[in-house]
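Structural characterization, general
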Amino acid sequence: MPRGLPALVALALAGCAASPSVETVPAPRTYAHGIGGATFLIGGGFEPGRSPDGNSLILYGPEGSILVDSGRHAAHLTAIEQGLSSLGFPLVAIVNTHWHLDHVSGNPALKAAHPGVKVYGTSAIDGALTGFLAKSAEFARKALADGAIPASAVPDVEGDVATIARGAELRPDMIVDESRDMAIAGRPLSLRVAHHAATERDLWIYDAAEKRAIVGDLVTLPVPFLDTACPEGWLKALDGVAASGAEQVVPGHGPIMAIADFNRWRSAFRDFIACARGAGALEGCSAGWLAAAARWIGSDTARAKAMADYYGDLVRSKALDGYCTA
Ligand SMILES: [Zn+2]
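Below is a summary of the structure that appears in this document. Everything numeric here is computed off the predicted structure, so don't read it as measured data.

**Here we look at empty space enclosed by the protein**
The gaps left among the atoms become clear once a water-sized probe is rolled over them. Taken as a whole, this structure holds three cavities of 30 Å³ or more when the rule is applied. Of the voids in this model, the second largest cavity is the one considered here, and its volume is about 80 Å³. Lining the second largest cavity, in full, are Asn96, His98, Trp99, Val104, Gly121, Thr122, Ile125, Leu170, Pro172 and Arg201.

Set out below in structure tokens:
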């Protein structure tokens, strides 16, 4: 895969890197699946050849419901709306863990359908809209015009270009750039901000009453999505999650993890970064990741390997180092 390919295209293409004949296990898509503590999970999908949706959650508070992340695709938005209406509390707030399009693209439609809803997130999206996302859209438009996008990925890439064109509507109403405890919809939550991690600023939630950490893309599967990451800052953020008191972790992509599994994921991630920062063959780094994360990857090994190879190269080539200082 070409180096420096913007994530939005890279993720779509990464899905195509696996042979179509390879058996893959799509991520489970359950809508509004209760996970305890007045919290419901809408699992994000990642179908072969497509771009992913992040996991979404609905949390209830005394004053209404809170949605964590709004997905990318229309089908994910429909699942969110079905979850909200079947559970019956008005949506009053959206919390975006970060600005990646698989977590914020549903914001405009949800704001239109639920007047008065307030979006909480970091201001890192502002730099992304004029930087990474603007460049991605420019690259994608050219690739579409050149016929360089595989047919299965065209709708996703076109959708992302349209979403970026409405970028201002994705921005938060309430900026949270530093960690703070607050009540949203009357529900006390601890919002934690990790700097220079998976993005310039990642917002994760510690729900102390449930001993649950909702971490967005600080944990992703089938591989760590390193497109806009500072690997060392990300590792530091994971230390913060480990120290939070959480007994359960909800990733941005992949199944809910008990804390012991989170620690296994964290140590596999640490090993992958150390390997990619080292001098040995990158193939060995991908193989190490596939072995350590086998319990989650299942039969999705061809795609996971292609993505691990791509991200290992990003780390090795120092292409990500700018994200540690920007
Ligand atoms: Zn994501």
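**Let's talk about the environment of Cys285**
Relative to the helices and strands, Cys285 resides in helix H10 (residues 282–292). For the pair Cys285 and Gly312, spaced 27 residues apart in sequence, the C-alpha to C-alpha distance is 7.1 Å.

**Here we look at the coordination of the zinc ion**
The protein atoms that coordinate the zinc ion are Asp102 (OD), His103 (NE2), Asp217 (OD) and His253 (NE2), at distances spanning 2.0 to 2.2 Å. Considering all four donor atoms around the zinc ion, the spread of angles at the metal, 84 to 153 degrees, places the coordination shape in the irregular class. One chain supplies every donor for the zinc ion, spaced along it as D-H-x113-D-x35-H. Here the residue Asp217 occupies a position in the loop between strand S11 (212–216) and helix H8 (231–242), and His253 occupies one in the loop between strand S12 (248–251) and strand S13 (257–258), the gap between them amounting to 36 residues. Exposure class is identical for Asp217 and His253. Each is buried.

**Re the sheet that holds S11**
Reading across the sheet, the six strands line up as S8-S9-S10-S11-S12-S13 and stay open at both edges, with mixed pairing between neighbours. A strand with exactly one partner marks an edge of an open sheet, and here the two such strands are strand S8 (180–184) and S13. Of the pairings in the sheet, the one linking strand S9 (residues 187–195) to strand S10 (residues 201–207) comprises six bridges and is antiparallel in character. If you follow Arg192 over to S10, its bridge partner there is Trp204.

**Observations concerning the nonpolar core**
Counting residues in hydrophobic clusters, the biggest one holds 44 residues, and the most contacted among them are Leu218, Leu226, Trp234, Trp265, Phe269 and Trp289. Elements that contribute at least two residues to this core include exactly S10, S11, H8, helix H9 (259–277), H10, helix H11 (294–297) and helix H12 (301–316). When sequence neighbours within four positions are dropped, the list of residues in contact with Leu226 reads Pro231, Trp234, Phe269, Phe272, Ile273, Tyr311, Leu314, Val315 and Leu320.

**Quick word on unusual backbone geometry**
Cis geometry is adopted by the peptide bond preceding Pro222, which originates at Leu221 and carries an omega value of 15 degrees. Positionally, Pro222 belongs in the loop between S11 and H8. Of note, Ala38 is a non-glycine position whose phi angle comes to about 50 degrees, a positive value. Looking at where Ala38 falls in the secondary structure, it is placed in the loop between strand S1 (33–34) and strand S2 (39–42). Positive phi is not limited to glycine here, since His196 has a value of about 50 degrees. As for its position among the elements, His196 is in the loop between S9 and S10.

**A look at the state of the cysteines**
Tallied over the entire structure, the rule returns two disulfides. Sulfur-sulfur distance for the disulfide between Cys230 and Cys324 comes to 2.2 Å. Disulfide Cys230-Cys324: the torsion about the S-S bond is 100 degrees, which places it as right-handed. One end of the pair, Cys230, is in the loop between S11 and H8; the other, Cys324, is in the segment after H12, with 94 residues separating them in the sequence. Look at Cys230 and you get buried, because its relative accessible area is 5%. Each sulfur of the disulfide joining Cys275 and Cys285 lies 2.1 Å from the other. Looking along the S-S bond of the Cys275-Cys285 disulfide, the torsion reads about -80 degrees, which is the left-handed sense. Placement of the pair is Cys275 in helix H9 and Cys285 in helix H10, with a sequence separation of 10 residues. Overall, the relative accessible area of 27% leaves Cys275 in the partly exposed class. Taking only the cysteines that form disulfides and numbering them from first to last, the protein has the pattern 1-4, 2-3.

**Quick word on the pairing of S11**
A large share of S11 lies buried, amounting to five of its five residues. Residues Arg212, Ile214 and Gly216 line one face of S11 and the alternating positions Ala213 and Val215 line the opposite face, and both faces are buried. By the bridge criterion, three bridges tie S10 to S11 in an arrangement that is antiparallel. What sits directly across from Tyr206, in S11, is Ala213. By the bridge criterion, four bridges tie S11 to S12 in an arrangement that is parallel. Looking across to S12, one finds that Arg212 is bridged to Gln248.

What counts, and where the lines are drawn
Residues numbered from 1 in each chain as written. Predicted model: local features only at pLDDT ≥ 70, side-chain atom pairs only at ≥ 80, totals over all residues. Heavy atoms only, no water. 1 Å grid on protein atoms, 1.4 Å probe; cavity = no way out; pocket = protein on both sides within 12 Å on 5 of 7 lines; lining within 4 Å. Points joined across faces, edges and corners; volume = space filled by probe spheres on them. Helix = DSSP H or I, 4+ residues; strand = E, 2+ residues; numbered from the N terminus. Donors = N, O, S within 2.8 Å, 3.2 Å for Na, K, Ca; no water. Tetrahedral: all angles 85-135°; square planar, octahedral: opposite > 155°, others 65-115°. Buried < 20%, exposed > 50% of the residue type's maximum accessible area, 1.4 Å probe, protein only. Pairing = 2+ DSSP bridges. Core = buried A, V, L, I, M, F, W, Y, C linked by side-chain atoms within 4.5 Å. Contact = heavy atoms within 4.5 Å. Disulfide = S-S within 2.5 Å.

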